[in-house]
Amino acid sequence: MSKLSIIMPVFNAEKYLREAIDSIIQQSFTEWELLIINDGSTDSSESIIQSYADKRIQYHRNDQNIGLISTLNKGIDICRGD
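The sections below set out a description of the structure shown in this document.

Reading the values: the criteria
Residues numbered from 1 in each chain as written. Predicted model: local features only at pLDDT ≥ 70, side-chain atom pairs only at ≥ 80, totals over all residues. Heavy atoms only, no water. Buried < 20%, exposed > 50% of the residue type's maximum accessible area, 1.4 Å probe, protein only. Helix = DSSP H or I, 4+ residues; strand = E, 2+ residues; numbered from the N terminus. Pairing = 2+ DSSP bridges. Right-handed = clockwise from strand over helix to strand, strands pointing away. Salt bridge = Lys/Arg side-chain N within 4 Å of Asp/Glu carboxyl O.

### Considerations on the pairing of strand S2 (residues 32–39)
Right, so step 1: Of all eight residues in S2, eight are buried; the element is thus mostly enclosed.
Right, so step 2: Residues Trp32, Leu34, Ile36 and Asn38 point to one face of S2 and Glu33, Leu35, Ile37 and Asp39 to the other, with burial holding for every one of them.
Right, so step 3: In terms of strand pairing, strand S1 (residues 4–10) meets S2 through seven bridges, oriented parallel. Looking across to S2, one finds that Ile6 is bridged to Leu34.
Right, so step 4: Considered for its hand, the β-α-β crossover made up of S1, helix H1 (residues 17–25) and S2 is right-handed.
Right, so step 5: Here six bridges tie S2 to strand S3 (residues 57–62), and the two strands are oriented parallel to one another. Of the residues in S3, the one forming a bridge with Ile36 is Tyr59.

Encoded structure:
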């Protein structure tokens, strides 16, 4: 079975970010990689993301906000799963 890639673009999402990440971690299916791409957030999104030690979570950061579509395309370029 292949690994599932999940791309999560993040921009100033501190309010719901922990809940979203926890929801993915708690799924019964465990063969996944979560690519979280911070699209230039100015809130505490980065510290929330970095508080997770799960090896299936990969954190990437855009130096500035490049927008949803460009961030999703970046995720597609770096994902390793299906």
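### Focus: the pattern of salt bridges
Pairing of side chains with opposite charge becomes possible as their charged atoms draw close.
Right, so step 1: All told, the structure shown has four salt bridges when counted by the stated rule.
Right, so step 2: Between Arg80 and Glu33 there is a salt bridge whose closest N-O contact spans 3.6 Å. Of this pair, Arg80 sits in the segment after helix H3 (68–78) while Glu33 sits in strand S2, and the two are 47 residues apart along the sequence.
Right, so step 3: Residue Arg80 is classed as exposed on the basis of its relative accessible area of 60%.
Right, so step 4: Residue Asp63 pairs with Arg61 through a salt bridge whose shortest N-O separation is 3.3 Å.
Right, so step 5: What makes Arg61 partly exposed here is its relative accessible area of 44%.

### Describing the environment of Asn73
Right, so step 1: As for its position among the elements, Asn73 is in helix H3.
Right, so step 2: For the pair Asn73 and Ile7, spaced 66 residues apart in sequence, the C-alpha to C-alpha distance is 9.6 Å.

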